[in-house]
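Survey of secondary and tertiary structure
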Amino acid sequence: MIVMKFGGTSVESATAIARVATIVSARLDRRPVVVVSAMGKTTNRLLAIAKAAAEGQQSEALRQLEELREYHRSEAVQIVREEDKAELDQLLDEHFTELSQMVAEIAQVEEFSPRMVDAVSSMGERLSSRIVTLGFRHAGMDTVHVDSRAVLVTDTRHTHAAPIFQRTYARMRETVAPLAEKQVVVMGGFIGSSQDGTTTTLGRGGSDYSASIIGAGIGAEEIQIWTDVDGMLTCDPRIVPGGYRIKTISFAEAAELAYFGAKVLHPATVLPAVEKNIPVLVLNSRNPEVSGTRIVKETVHCRNVIKSIACKTGITVVKIQSLRMLMAHGFLHRIFEVFDRFQTPVDMVTTSEVSVSLTIDNDSNLDDIKDELSRIAEVEVETNRAIVCAVGDNVRGTPGIGARIFRALSGINVLMISQGASQLNFSFVIDATELRPAVQSLHDEFFSTLDPEVFA
Ligand code: ADP
Ligand code: ASP
Ligand code: MG
């Protein structure tokens, strides 16, 4: 068995879904379980609709809902068999009636609670997985839909729920694996449900994670992430075009890249795969002939020092200084306790005795954090920063990398520098306005020659 996950752009239209059907049809002997994201930008659109409702613009919300329904209907109708058209109408009716009831409820209470965010945003995958199931039937495949909420069990942390692995794996073994022996199973990514049956989601971009959880649960031999690029590239193509495809990379390196902003893979994706040692492939649904990127357990030897450059914008730097804490212990503990209390993950930290700088990418509790920290230290906040992260197994133990990085960055103001304990990465913080030139010149420095074994 293999898991094949198709992202939003890969199922954004009738043409895209037909392409997916062709790709899956060609791999039936591997007994695929297909995981799909919401069609195109549906998740963003659903969230915008609910937000409008919460802000009292109910008629605007309903207008956008109607547009979204028409988008799904007009694409789906092109890839559904004549005899399945009634089923399509019925499923659209059911899902959009449920959505308009939610919109009415949100408008009434003027609040968009995390639980409601999940109920609303789950609709994208609930719809797309049903539509893709009909599309596969139209393409002649024997296909069955499984509601992910019946098998992917999570805790109740709405909008970023964590799977309860044992239960989830048991259900996947019992239901999904036997079905996949005979039929093409189609499931929605991103969504699950808590033990009492309430709909939850795994967090934005979470369909990759679903694919990997399902792969681990059914004991798949491979997890394929089909997207809109040829694989993992040597840099983020939206920041600097012209990066090269990485043919093979290790789980550890891929995880680091994902964590530091390479959106091509959700950061949690590698965890279940590593645990069960299942290779993950990143492939292009518009260019299925290309062999993509293979992510494997073993170290991937490479003559280039760096395998890829990731970056993350929207970073806030918090600078904390307290002379009172000179030679005293417990300063870091007190600082981190505050971030912990306000449930704010810290990404990067640099410290020198009484001064600590750290970065966060979620500043929803920043004011509270600042107030609390101000009781023990002077606090300064800088917004609109970016983290750039050069990743590669060779970062560990190759002398002179720091010098090459700083030579490449001459003229750019580097605000923080860090090399984590994994020693797989060298990361630094700059002003977001300098991101493009910084990534471009690092890319020029480290990828002017390529190890043909690793890059294409
Ligand atoms: P999907 O909808 O298929 O999940 P995403 O938009 O989440 O697709 O992820 C694919 C995108 O990730 C690419 O279009 C690309 O812009 C971006 N990306 C960022 N960093 C990288 C990288 N190092 N390699 C490839 N793609 C990257
Ligand atoms: N549809 C969800 C999102 O847009 C999950 C995903 O696409 O991975 O975040
Ligand atoms: Mg994605």
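Residues numbered from 1 in each chain as written. Chains lettered and ligands numbered in written order. Predicted model: local features only at pLDDT ≥ 70, side-chain atom pairs only at ≥ 80, totals over all residues. Heavy atoms only, no water.

Tallying each qualifying case throughout the model produces 32 salt bridges. Linking Lys 5 and Asp 208 is a salt bridge whose minimum nitrogen-to-oxygen distance equals 2.6 Å. Taken together, the residues span a long stretch of sequence, with Lys 5 in strand β1 (residues 2-6) and Asp 208 in helix α7 (residues 207-218) at a distance of 203 residues. Classification of Lys 5 as buried rests on a relative accessible area of 7%. Put simply, Lys 312 and Asp 347 hold a salt bridge, and the shortest N to O gap is 3.3 Å. Here Lys 312, found in strand β12 (residues 308-321), pairs with Asp 347, found in the loop between α10 (331-341) and β13 (349-352); they are 35 residues apart in sequence, far enough to count as distant. (Salt bridge = Lys/Arg side-chain N within 4 Å of Asp/Glu carboxyl O. Helix = DSSP H or I, 4+ residues; strand = E, 2+ residues; numbered from the N terminus. Buried < 20%, exposed > 50% of the residue type's maximum accessible area, 1.4 Å probe, protein only.)

Contact geometry for α10 and helix α11 (residues 366-374): axes closest at 10 Å, N-to-C directions at 155°. Taken as axis vectors, α10 and α11 run roughly antiparallel relative to one another. Crossing of α10 against α11: the hand is right-handed. Residues Ile 335, Val 338, Phe 339 and Arg 341 of α10 touch α11, and the partners they reach there are Ile 369, Glu 372 and Leu 373. By residue class, the composition of the contact of α10 with α11 is 5 nonpolar, no polar and 2 charged. (Axes fitted to C-alpha atoms, helices over the stretch in contact; angles between N-to-C directions. Parallel < 35°, antiparallel > 145°, perpendicular 65-115°, else oblique. Left-handed = near helix turned anticlockwise from the far one by under 90°. Contact = heavy atoms within 4.5 Å. Nonpolar A, V, L, I, M, F, W, Y, C, P; charged D, E, K, R; others polar.)

Below, the discussion takes up the site of ligand 2. Every residue near ligand 2 is listed here: Ser 37, Ala 38, Thr 43, Glu 125, Phe 190, Arg 204, Gly 205, Gly 206 and Ser 207. Within the side chain of Thr 43, one N or O atom sits 2.7 Å away from a nitrogen atom of ligand 2. Calculation on ligand 2 without its partners gives an accessible area of 270 Å², and the protein chains cover 85% of this total. Counted by class, the shell around ligand 2 contains 2 nonpolar, 5 polar and 2 charged residues. (Near = heavy atom within 4 Å. Polar contact = N/O pair within 3.5 Å; in protein donor to acceptor, adjacent residues only side chain to side chain. Areas by Shrake-Rupley, 256 points an atom, 1.4 Å probe, with all protein chains shown as cover.)

The next subject is helix α1 (residues 14-25). Taking 1.5 Å of rise per residue, the 12 residues of α1 would be expected to cover 16 Å, and the 16 Å separating its terminal C-alpha atoms lies within 8% of that figure. Along α1, the residues that are buried comprise Ala 14, Ala 16, Ile 17, Val 20, Ala 21, Ile 23 and Val 24. Packing partners of the buried residues in α1 comprise β1, β2 (32-36), α3 (58-76), α5 (114-138), β5 (184-188) and β8 (222-227). (Expected span 1.5 Å × (residues − 1).)

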